[in-house]
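Overview (structure and organization)
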Amino acid sequence: RAKGDGRNRYRFFDTSLDAAARRRNALEQELRAAVAADALSLHFQPLVDSRSGEIVCAEALLRWNHPSLGSVSPAEFIPIAEDIGLIGRIGTWVIRKGCETATAWPETVRLAVNLSPRQFGTPGLFTMIESTLRECGLPPRRLELEVTESLLLNSDSAVESTLAAIKGLGVRIALDDFGTGYSSLSYLRRYRFDKLKIDQSFISDIETNADSRAIVDAVIRLGRDLGVSLAAEGVETSGQYELLRRLGCGEIQGYLVGKPMPAAELERLMDSHQAWDDDRITA
Ligand code: C2E
Ligand code: MG
Ligand code: MG
Ligand code: MG
């Protein structure tokens, strides 16, 4: 009987592996087609100042609405885009579309764009960013690029000089998913970021887990001492918001404040008198 179970399990494993490979194959083909047909879109998720509640930034997040599969997560298709050599083209499109969109926003609102490590391997990244900002007329200080630690993990001097050149334009550099990498602290010494985004895994249980709270508290102090801005991602409850505000976290992002949404919806939100209604935060 045990033998039979084992065989069944093996067969099941085999089949699911197959299914994953088939999906992957299909996604590769269809991602190429989607890019060619300009079928990707951007949503924007607001970040608010924790004290004033005003929108100070919005993060561009890629969306792919596949005709039969429905919405495919960027967490799934970005790695595919990297593997099949499409990330340069997609990344260029995101920056262009994001900058064009952000020119319609109040001058106090920055645009945040995610950059994958592989984009640093594509030629002309600096020139592309510089010319896009110039052509769209977006002041460089209104652009914030989100990178992850993996960028610096095996980085060569080319990566660091590209980062320095981009920063030299006045563009801000944020470290995304802070706390989930391997050795965050050494990067802080090697590279002066403008902002740290505390990963949502530390935020989700901040109200109930004293350890998470202690870590977030320490990170916020660290940011303050280093002169680096702090943002919290994945804030879903008013309790988390209040706690983060009390701890001195400058910016808040998460479903509580707003889910990623089409540009037109964000613009309506920015137009309405108060971006983020304080009544919803009950301390
Ligand atoms: P990220 O940059 O860390 O983005 C945050 C992710 O958390 C987004 O998922 C966002 O929708 C989600 N999120 C925001 N607030 C909450 C919340 O309160 N609760 C929960 N549970 N989730 C929240 P999304 O849009 O699926 O993006 C996943 C990842 O895909 C991003 O993580 C980013 O690494 C990558 N990505 C998205 N757009 C781009 C892009 O244009 N270029 C590159 N290179 N990567 C991108
Ligand atoms: Mg991000
Ligand atoms: Mg993040
Ligand atoms: Mg994250």
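In the annotation of an unreviewed UniProt entry, the protein chain is listed under the name EAL domain-containing protein and assigned to Rhizobium terricola.

**Quick look at the overall build of the protein chain**
Broken down by element type, the protein chain carries 11 helices and nine strands. Taken over C-alpha atoms, the radius of gyration comes to 21 Å for the protein chain, in line with the 19 Å a tight globule of 283 residues would show. Oriented by its inertia axes, the alpha-carbon framework of the protein chain measures out at about 65 × 50 × 40 Å. Across the 283 residues that make up the protein chain, the buried fraction comes to 45%. Here the protein chain displays about 14300 Å² of accessible surface, and carbon together with sulfur accounts for 50% of that area.

**Section: the side chain of Asp199**
With respect to the helices, strands and loops of the structure, Asp199 is situated in the loop between β7 (195-198) and α8 (200-203). Buried Asp199, no salt bridge; nearest opposite-charge side chain is Lys197, N-O distance 9.3 Å. When sequence neighbours within four positions are dropped, the list of residues in contact with Asp199 reads Asp177, Phe178, Thr180 and Glu233.

**Examining the pattern of salt bridges**
The final tally for this structure, using the stated rule, is 17 salt bridges. Between Arg190 and Glu160 there is a salt bridge, with its nearest N and O atoms 2.8 Å apart. Within this pair, whereas Arg190 is found in helix α7 (residues 184-190), its partner Glu160 is found in helix α6 (residues 157-168), the two being separated by 30 residues in sequence. Taking the shortest distance from any N to any O, the salt bridge between Glu251 and Lys195 comes out at 2.6 Å. Of this pair, Glu251 sits in strand β9 (residues 251-253) while Lys195 sits in strand β7, and the two are 56 residues apart along the sequence. Exposure remark for Lys195: the relative accessible area of 0% places this residue in the buried category.

Definitions and cut-offs
Residues numbered from 1 in each chain as written. Chains lettered and ligands numbered in written order. Predicted model: local features only at pLDDT ≥ 70, side-chain atom pairs only at ≥ 80, totals over all residues. Heavy atoms only, no water. Helix = DSSP H or I, 4+ residues; strand = E, 2+ residues; numbered from the N terminus. Rg over C-alpha atoms; globule rule 2.2 N^0.38 Å. Buried < 20%, exposed > 50% of the residue type's maximum accessible area, 1.4 Å probe, protein only. Areas by Shrake-Rupley, 256 points an atom, 1.4 Å probe, with all protein chains shown as cover. Lys, Arg positive; Asp, Glu negative; His and termini not counted. Salt bridge = Lys/Arg side-chain N within 4 Å of Asp/Glu carboxyl O. Contact = heavy atoms within 4.5 Å.

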